[in-house]
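# Summary of structural features
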Amino acid sequence: MKTVTLPSGENVPALGQGSWMMGERRERRSDEIAALRAGVECGMTLIDTAEMYGDGASETLIGEALGDMRDRLFLVSKAYPQNASRNRLARACEASLKRLGTDRLDLYLLHWRGSVPLAETVEAMEALKAQGKVRHWGVSNLDTGDMEELVAAGGVACATDQILYNLTRRGAEHDLLPWLSDHGIPAMAYSPVEQGRLLADRTLAAIASNIGAMPAQVALAWAMRQDGVIAIPKAGSVDHVRENRAAADIVLSDADLATLDAAFPRPRTRRPLEML
Ligand code: NDP
């Protein structure tokens, strides 16, 4: 499995597993557990969740599904902005750890920017790191200006910015991805198949058919084409997970990349970072 290097020097898989909407429907539970386990077995050991997802139901599902595999995982969770304060972050983290059935998070993210000053969140994250509750911390949905403020506020140890990035959401290529790359901070691409909406696209289907792949695989291979980008698709079935895993081995040709550029042009001017 291709890897991405965190600022600490640790390598993580370039392809992980998302979990938004998981753990919320009883009839899907056994498929979701099987999907998550199959993903870990084939190297997608980075698992992304958040206290927000199903009000903790996603974290609970992951704890149940992957508890016996804990030491193989790189567990990522996220705190609500209103919990990212000196007084509340430790409590939110403790609740996530309890639901996940673990004593530490590998990466803890501020889910999006709220009214708590970034310097205070940095201090609270560093305190959790010093206590061993969190191995790394980072942010999500922060645009270039926010990242500059974060670093100025002492957040030099930020390990990732998790952002909306796929063929239809290329705004980050203008200045955010270059900024992250210059600072050695990996981007984590969420909704890499645009929550499924990308998969019926004709250009994607044509390229997929030419190279004997599926549209989702082309979309994922595109998101992972550059160093320093981790993709975290959510898949609720073993078939989808296996298909996604194989995308990490696909290298798109220059001609296919040019075709995708023509079909999904990058915005010509700067746009604020979009979020879902
Ligand atoms: P994705 O782009 O990952 O799309 C998920 C959808 O695509 C599901 O309906 C899934 O179906 C389908 N899918 C996945 N793989 C395949 C495949 N091989 N073939 C066909 N369909 C497929 O969207 P998400 O919004 O879930 O993003 C991924 C993760 O990123 C989230 O789960 C979450 O962990 C994170 N995220 C973070 C955000 C943030 O603000 N930081 C915001 C949004 C997401 P099925 O379930 O049936 O397999």
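On a predicted model such as this, the values are computed, not experimentally measured, just so you know. Every residue gets a number counted from 1 within its own chain, in the order that chain's sequence is written. Local features are withheld for residues below a pLDDT of 70 in this predicted model, meaning they are given only at 70 or higher, and side-chain atom pairs are given and counted only at 80 or more; totals for whole chains, interfaces and linings count all residues.

### What about the pairing of strand S7 (residues 161-164)?
At least two DSSP bridges between two strands are needed for those strands to be called paired. Helix and strand labels come from DSSP, where a helix needs a run of H or I of at least four residues and a strand needs a run of E of at least two; each type is numbered from the N terminus. Strand direction decides the pairing type here: strand S6 (residues 134-140) and S7, joined by two bridges, are parallel. Residue pairing for S7: Ser140 is matched across the bridge by Gln162. By the bridge criterion, four bridges tie S7 to strand S8 (residues 187-190) in an arrangement that is parallel. Within S8, the position partnered with Gln162 by the bridge is Met188. Look down the strands so they point away from you; if the path from the first strand over the helix to the second goes clockwise, the crossover is right-handed. Crossover S7 to S8 through helix H6 (residues 176-182) is right-handed.

### Description of the UniProt feature "site: Lowers pKa of active site Tyr" (unreviewed entry) in the protein chain
Mapped onto this numbering, the UniProt entry annotates "site: Lowers pKa of active site Tyr" (unreviewed entry) at Lys78. Turning to its location among the elements, Lys78 is positioned in strand S4 (residues 74-79). Excluding its chain neighbours within four sequence positions, the residues that come into contact with Lys78 are Ala50, Glu51, Leu109, His111 and Ser140. UniProt positions are given in the numbering used here, feature names are shortened, and annotations may be inferred rather than shown by experiment. Once C-beta atoms are placed from the backbone, any two residues with those atoms within 7 Å are in contact.

### Let's talk about the sheet that holds S4
Overall, parallel pairing links the seven strands, which are arranged S3-S4-S5-S6-S7-S8-S9 in an open sheet. Of all the strands in the sheet, just strand S3 (46-48) and strand S9 (229-231) have a single pairing partner and so form its edges. Taken over all neighbouring pairs, the strand axes of this sheet differ in orientation by 30 degrees on average, direction set aside. Relative to S4, S3 runs parallel, the two being bridged by three bridges. Axis angles are defined between N-to-C directions and span 0 to 180 degrees, where every axis is a line fitted to C-alpha atoms and, for a helix, only to the segment in contact.

### What about helix H2 (residues 57-66)?
Our exposure labels follow a C-beta count within 10 Å of each residue's own C-beta, placed from the backbone: buried means 20 or more other C-beta atoms, exposed means 12 or fewer, and partly exposed covers the counts in between. Burial analysis of H2 places seven of its ten residues in the buried class, which makes it a mostly covered element. Here the buried face of H2 lies against helix H1 (29-41), S3, S4 and helix H3 (89-100).

### Points about the environment of Asp106
Note that Asp106 resides in strand S5 (residues 105-110). Residue classification places Asp106 among the buried residues on the basis of 20 C-beta atoms within 10 Å. When the C-alpha atoms of Asp106 and Ala50 are compared, they prove to be 13 Å apart, with 56 residues separating the residues in sequence. Apart from residues lying up to four places away in sequence, Asp106 is in contact with Phe74, Leu75, Val76, Arg135 and His136.

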